[in-house]
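# Observations on the model geometry
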Amino acid sequence: MSSKIDIKCVYLNENFEILDANREFYVYFDAVGHDVNTLEDFTGTGSLSSLKKFLLSENKQNKYKLLKFKKNRHTLKTNFVTAYDSIFKGQKSVCLKMIDIEQCIKFIKKQNNDTDELIYALSIPNDSIFSYHENDNFIKITQFYNNKKNVLYECDIDEWKKYCLEQKFIPENQESAFLNFIEKIKTCPKEINASFYTSLRTNNPEILENLYFLGIRFVSNGELTVVGRIVLKENAEQFRQQKYIIEQLHTDSLTKLFNKETITTYAKRVFEEHKKENSALVIMDLDHFKPVNDTFGHLAGDKVLSRTGEILKEIIGERGLVGRYGGDEFLIVSYGMKNETILRGFLHSILLKIKNEFAGKFDDISISCSIGCAVFPKDGTSYDELFKKADFGLYRAKDKGRNRYVFFRDDLHAELFRKSVQANDIVKYADREVQELKYMAEFMQDIAVAPKEAVERILIHLKETFNLDNITVFAGDDLRAEFSLGKKLVNHQNANYAKSNEFKKLLSGKNYFTNSFIESTLETKSSFRQEMELSGIKSTAQCILGTVENIKALITFNHTKISQLWAEYEINCIAMFASALNLLYNKNPQKIIF
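Because the structure is a prediction, the values reported are computed rather than measured. (Residues numbered from 1 in each chain as written. Predicted model: local features only at pLDDT ≥ 70, side-chain atom pairs only at ≥ 80, totals over all residues. Heavy atoms only, no water.)

## Considering the overall build of the protein chain
This is how the line gets drawn: Helix and strand assignments come from DSSP, with helices taken as H or I runs of at least 4 residues and strands as E runs of at least 2, each series counted from the N terminus. Think of it in three bands: residues with accessible area under 20% of the maximum for their type are buried, residues over 50% are exposed, and the middle band is partly exposed, with areas taken using a 1.4 Å probe on protein chains only. We call two residues in contact whenever any of their non-hydrogen atoms come within 4.5 Å of each other. The Shrake-Rupley method, run with a 1.4 Å probe, gives the accessible areas here. Residue values count only the displayed protein chains as cover.
Of the regular secondary structure elements, the protein chain holds 17 helices and 21 strands. Counting every position in the protein chain, which comprises 594 residues, the buried fraction comes to 48%. Restricting to contacts in the protein chain with at least 6 residues of sequence separation, those with at least 24 account for 55%. As displayed, the protein chain offers around 29,400 Å² of accessible surface, 48% of which is attributable to carbon and sulfur atoms.

As structure tokens, then:
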């Protein structure tokens, strides 16, 4: 693979018309076509206004943006964007540069073979990064300039220190700051922030730069590594803004743990590539968390989740990584445990800390946690196999009374596990259906007492339970979007389609319906399907308030990633929700205001 990242560069005039663009720009948008003349031709609808505002801002050269651009006629891709005012052939213009984030990720993985440096390298074109590895005492400094990578230093850090002093890359009045930096980085601190004048990058003692070394500690395969950026002092604030934006791609906003995608990807790499002995996959979720949400509100629930994340990071430390898998469920990848006894002590610490942390804080609601654990390679050699067995352990821990951990034991669990896998869909379907119908029954009781709070709770619950990407509520005579949860959808600001005869037929006299747009089912696309596809919706459930002839509000439950059929219990829940809401609305419309 070439050591080159394709930077798409385009010059725009004051009317945002394209004056010129480089080859990479047109290659990237090849499926859109060479008739790309304005921003609208290559920008996703949801990004257009944000991009225009960014381009018009006076200090845009000190900022970065993450925006979606058309990859082809049907696909949007996230790009890292920078811009600055310029002159093109004597005409005032703006130069816009875009880097496909997915390409950046592949580049870093293949070129450096060091994914820990990923979040620090998304602004590669003219920058430097450094990494220090405790196990071999090596420091590496890599410079990216004009799309090319150049390793400036890769050696023992003490030898590097000696070399820099001998070559007089560090002025005498800066030696103390430099030596402090060396000693500090060797301790592998959680964060490092050092600044001194030096000619490290210029190799010329006469040309000094005031460089900032900004970094954080990572644990990579059980080894301590400090990774960071080297930036000019005047660019430090710019870097901090960029770092914050990019970290949002990897972390859960509430708990600050790794998000589901990141922790899952990491787990697969640990178990399927690195194959470390005595690694373990741990699934943990909170006991009695739902009553806290229902009784004390979601703010209290959020505080519980946030503190749980802090506790898990404190206990796990350097012996693993933890992520929020979803809701009140957490995924832990542990390594470096010499035997199962140590691992059991580690899990026992989690049980005690969680139990004690929340004791007495929510009246008679006792928050604890249940844990399932599977060990590599004893219980499996792939992520999927280990996950199923750890999940089985979690199920057994719940079944035994909660507040405990269960290791998968082949001699005890093999037969029961085999049966549970065979009957997995039936058992999970039945269990979940019973749970959800109970929840809907509680909702129907709550709605009579506190309708607004009950509706908000049930919408959040349905989004999380059904793994929905978006819920939108439309209200008023023009059925405009008044409330939304989850992913923001394009072309979804109103629901005028609900007034059509086609929509009335879909309702078939009911106050709800579900629809999944599976490619093979329809040769001719209906106008309703086209409306949904314009918004990126691949599967939807919709329920109305009012009557078919006089719709006062519409609630849509949407999947955007995959087109999937709705389970029977999901349809039952939505039907009950729609009926309960309609009864209350018809009785007193003022009680429900979105």
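## Observations concerning the sheet that holds strand 1 (residues 8-12)
Going by this rule: A pair of strands counts as paired when DSSP detects no fewer than two bridges linking them. Comment: axis = line fitted to C-alpha atoms, over the contacting stretch for helices; angle = value between 0 and 180 degrees taken between N-to-C directions.
Reading across from one edge, 2-1-5-4-3 is the order of the five strands in this open sheet, with antiparallel pairing throughout. In this open sheet, the two strands that pair with only one neighbour each are strand 2 (18-21) and strand 3 (65-70). Geometrically, the sheet is characterised by an average inter-axis angle of 35° between neighbouring strands, direction not taken into account. Sheet analysis places strand 4 (residues 76-88) next to strand 5 (residues 91-100), joined by ten bridges and oriented antiparallel. Opposite Phe88, over in strand 5, you have Gln91 as the bridge partner.

## Focus on the sheet that holds strand 17 (residues 470-475)
The sheet built from five strands is open, its strands ordered 18-17-21-20-19 with antiparallel pairing. Edge positions in the sheet fall to strand 18 (480-486) and strand 19 (512-516), since each has one partner strand and no second. Strand after strand, the sheet turns through a mean of 15° between neighbouring axes, direction not considered. Running at roughly 55° to strand 18, helix 14 (residues 451-465) makes contact with strand 17, strand 18 and strand 21 (551-559) of the sheet. Of the strands in this sheet, strand 19 and strand 20 (539-546) touch helix 16 (residues 527-534), which is tilted by about 110° from strand 20.

## Regarding the packing of aromatic side chains
The condition is simple: Two rings from Phe, Tyr or Trp (for Trp, the six-membered ring) form a pair when their centres are within 6.5 Å of each other. A pair whose planes differ by under 30 degrees is stacked, one over 60 is edge-to-face, and the rest are tilted. Throughout this description, the term charge over a ring refers to an Arg CZ or Lys NZ atom that lies within 6 Å of the ring centre and within 35 degrees of the ring normal.
Scanning the model with the defined rule gives 22 aromatic pairs in all. An angle of 35° between the planes, with centres 5.4 Å apart, marks the rings of Tyr325 and Phe387 as tilted. Of this pair, Tyr325 sits in strand 13 (residues 320-326) while Phe387 sits in helix 11 (residues 383-399), and the two are 62 residues apart along the sequence. Arranged with centres 5.8 Å apart and planes meeting at 40°, the rings of Tyr383 and Phe387 form a pair that is tilted. Taken together, the residues span about one helical turn, with Tyr383 and Phe387 both in helix 11 at a distance of four residues. Like Tyr383, the residue Phe387 is buried in the burial classification. Taken together, Phe130, Tyr153, Trp160, Tyr163, Phe169, Phe178, Phe181, Phe196 and Phe213 form an aromatic cluster joined through their ring pairs. Between the NZ or CZ atom of Lys260 and the centre of the ring of Tyr325, over which it lies, the distance is 4.5 Å.

## Digging into unusual backbone geometry
With an omega dihedral of 0°, the bond running from Phe376 to Pro377 counts as a cis peptide bond. Looking at the secondary structure, you find Pro377 in the loop between strand 15 (368-375) and helix 11. If you check the backbone angles, Leu479 has positive phi at about 45° while not being a glycine. Examined against the element boundaries, Leu479 turns out to sit in the loop between strand 17 and strand 18. In this structure, Asn491 is a non-glycine residue whose phi angle is positive, near 55°. On the secondary structure map, Asn491 appears in the loop between strand 18 and helix 15 (501-507). When its relative accessible area of 37% is taken as the criterion, Asn491 is described as partly exposed.

## Some remarks on the side chain of Asn558
Under the convention used in this document: In the analysis that follows, any N or O atom pair within 3.5 Å is treated as a polar contact, provided that within protein one partner can donate a hydrogen and the other can accept it, and provided that, for residues neighboring in sequence, both atoms belong to side chains.
Within the fold, Asn558 resides in strand 21. At 2.8 Å, the side chain of Asn558 forms a polar contact with the side chain of Asn470. If we skip the residues at most four places from it in the chain, Asn558 touches Leu468, Asp469, Asn470, Leu489, His492, Ile537, Ser539 and Thr540.

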